[in-house]
Amino acid sequence: MRIDLLIHSAAQLVTCAGPVGPKRGPAMCDLGIIEDGAIAIGDGVIVALGSSDELRRTYDARRAIDAAGKLVCPGFVDPHTHLVYAGDRVAEWEMKLCGANYLDILTAGGGILSTMRATREAPPEQLVAQAHRRLDALTRRGVTTCEIKTGYGLSVAAELKMLRVIAALAQTHACDVLPTLLAAHAVPPEFASNPDGYIDLIVDEIIPKAAAWFQSITHHQSPMFVDVFCEKGAFDVDQSRRVLMAGKQFGLLPKIHADQFNALGGVPMALELGAVSCDHLDVTMAEDRARLARSNAIAVLLPAVNFHLGSTHFADARALIDAGCAVALATDHNPGSAPCLSPTIVMAIACRYQKLTPAEALNAFTINAAHALAIGDRVGSLEADKQADVLIVGAPDYRHLAYQFGVNLVEMVIKRGEIV
Ligand code: NIG
Ligand code: FE
C-alpha cells in the first residue's frame, strides 16, 4: 500500500495510546512503547504503527525517515496559554524578586491590568506578529496544538480584538490553535467600583458576541472555551458561576482558574457545570481532589508559575494522581506569572518538585492535555486514524525529555503529516 511518509527504526516509539479517554491514576504511567518502532502516515493521518520490519514490508512510502537512536512521540498539546498580549512585566518581576506579591500588585492596578493597558493600545497586526513568534518558539519545542486565552482586553471591543488575533494565528500558523474567552480575568478599571456590572457586561454582551463571532468563522469540529479567574482580587464563586453558565448557554465549554492562591470553592462549582478542566489547583483540598477524580474534568497543573513566582509550594500532583485524577500539564505562557515557552522545562519542574514520573509528565503533556481541550479523540496520542502530529526527538529514551533541561531535544516536528 502506498503512503506519504514512513518513520522507522525509532529506538522508542512512544504512542501514549490506551483505552478511550484520559489516563487517570496508575494508567498515567502507561506509554504504549514500541521498540524499534515505525509509523505510517497518509493524507495527514496515522495509517498504522508497529515494528519497523513489518511496516517496511507492508508500505511503499513516498518518503522515509530513519529515526535510529531517536525517540518518536506525539506532538505536545499546550492546553493553557495567554500567548496574545503586548508589552512585558519585567519590571514587576524584579519587584517580586524584592518581595512584592502577585495579588498585591494586581490590587494596586498593575499585573494583569498593566498588560491590559498595553494590549488595548496595540494594533491587532502587532499582536498577531508578536504572538506568531511565541507560537513559533513553542512549535519548535514540540507543541503542535495550543490553546490561547483572551483576557487582556476586558472590554467588548478589546476582547473581540483578541479573539480575532487568535483566529488570525489559527489561520496562519502550522500549530492548531483553540480559542478561550477569558473576559473574566480581572475587573477592568471602568468597573472598579461595580464588579458585578462587569459580570453583567460579560454575560449580556461579551459572551453572546464572542459566541456569534465563533459561529461565523468556524466550520470545523474544534470547540471554543469560556474561562474565569476565580480568586481573591479577581472573581468570587457566584460571579464565576454566572460567567461559566452564560458561556455554556452559548455553546462554550467551561474551564476555570481555581485554587491558585486561595481555595474559594471554584472547583466544585465548575465541576457541577461540567467543566472540561480545572487549572492551577495549587491549594486544592482533599475533598475537591476526590471530586475531581470522580468527574470528567482534567486537572491542569502549571508549575512554571510557581517556579517563576519563586515559590517552593506546588500543586500536589502526587495526591491528585493517587486520588485517581487525570492530570495534564501546560506552560501557562503569560507575561506575569509564567514567561515560559518550553513544554519540557515544565515537565522537568513537574518531575522534580511535584514528583511526577517522566512517563506521567509525558502523558500529561500529550493525551491528557488533548482531553483538557476536548479533542482527545483526534490528537494527543499516536493511534491509527488520529491526526499525524509527531515529534522526532534527539534522545533514545523518553525520560530524556524531562531529564535534560535548558536544551531543545526536538529535532523534527511533523504536523498533519507535513514536516514543519
Ligand atoms: O494563569 N492567574 C491568572 N492568570 C494568569 C496570569 C496572567 C497574568 O499575570 O498576566 C495565570 O497565571
Ligand atoms: Fe492562566
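Everything that follows concerns the structure shown earlier in this document.
Residues numbered from 1 in each chain as written. Chains lettered and ligands numbered in written order. Predicted model: local features only at pLDDT ≥ 70, side-chain atom pairs only at ≥ 80, totals over all residues. Heavy atoms only, no water.

1. Re the site of ligand 1
Around ligand 1, 15 residues are found, and the nearest of them are Arg89, Tyr102, Tyr152, Asp332 and Ser337. In this structure, Arg89 approaches ligand 1 through a side-chain N or O atom, which is 2.7 Å from an oxygen atom. Interatomic distance of 3.2 Å between a side-chain N/O atom of His257 and an oxygen atom of ligand 1. Look at ligand 1: alone it shows 330 Å² of surface, and the protein chains cover 100% of it. More than half of the atoms belonging to ligand 1 lie within 2 Å of the grid points that define the largest cavity. Looking at the shell around ligand 1 residue by residue, the classes come out as four nonpolar, nine polar and two charged. (Near = heavy atom within 4 Å. Polar contact = N/O pair within 3.5 Å; in protein donor to acceptor, adjacent residues only side chain to side chain. Areas by Shrake-Rupley, 256 points an atom, 1.4 Å probe, with all protein chains shown as cover. 1 Å grid on protein atoms, 1.4 Å probe; cavity = no way out; pocket = protein on both sides within 12 Å on 5 of 7 lines; lining within 4 Å. Sits in = over half its atoms within 2 Å of the grid points. Nonpolar A, V, L, I, M, F, W, Y, C, P; charged D, E, K, R; others polar.)

2. Some words on the environment of Leu154
Along the chain, the position of Leu154 falls in the loop between strand E7 (143-149) and helix H6 (156-172). For Leu154, a relative accessible area of 1% translates into the label buried. Taking C-alpha positions, Leu154 is 9.1 Å from Leu113, a pair spaced 41 residues apart along the chain. Excluding its chain neighbours within four sequence positions, the residues that come into contact with Leu154 are Leu113, Met116, Arg120, Glu159, Leu182, Ala183, His185, Ala186, Pro188 and Tyr198. (Helix = DSSP H or I, 4+ residues; strand = E, 2+ residues; numbered from the N terminus. Buried < 20%, exposed > 50% of the residue type's maximum accessible area, 1.4 Å probe, protein only. Contact = heavy atoms within 4.5 Å.)

3. Thoughts on the pairing of strand E8 (residues 176-184)
Counting buried positions along E8 gives nine out of nine residues, so the element sits mostly inside the fold. Here E7 pairs with E8 via five bridges, running parallel. Paired with Lys149 across the strands is Thr180, a residue of E8. (Pairing = 2+ DSSP bridges.)

4. Some details on helix H5 (residues 124-140)
With 17 residues, H5 extends 24 Å between its outermost C-alpha atoms, agreeing within 8% with the 24 Å of an ideal straight helix rising 1.5 Å per residue. Three or more residues of H5 are buried, namely Leu127, Val128, Ala131, Arg134, Leu135, Ala137, Leu138 and Thr139. Once H5 ends, the next one or two residues include Gly142, with phi positive near 110°. (Expected span 1.5 Å × (residues − 1).)

5. A word on the nonpolar core
The biggest cluster of nonpolar side chains holds 128 residues, and the ones touching the most others in it are Val84, Ile202, Ile256, Leu292, Leu329, Met347 and Leu362. Those residues in contact with Met347, other than ones at most four positions away along the chain, are Phe76, Leu329, Ala361, Leu362, Phe365, Leu401 and Ala402. (Core = buried A, V, L, I, M, F, W, Y, C linked by side-chain atoms within 4.5 Å.)

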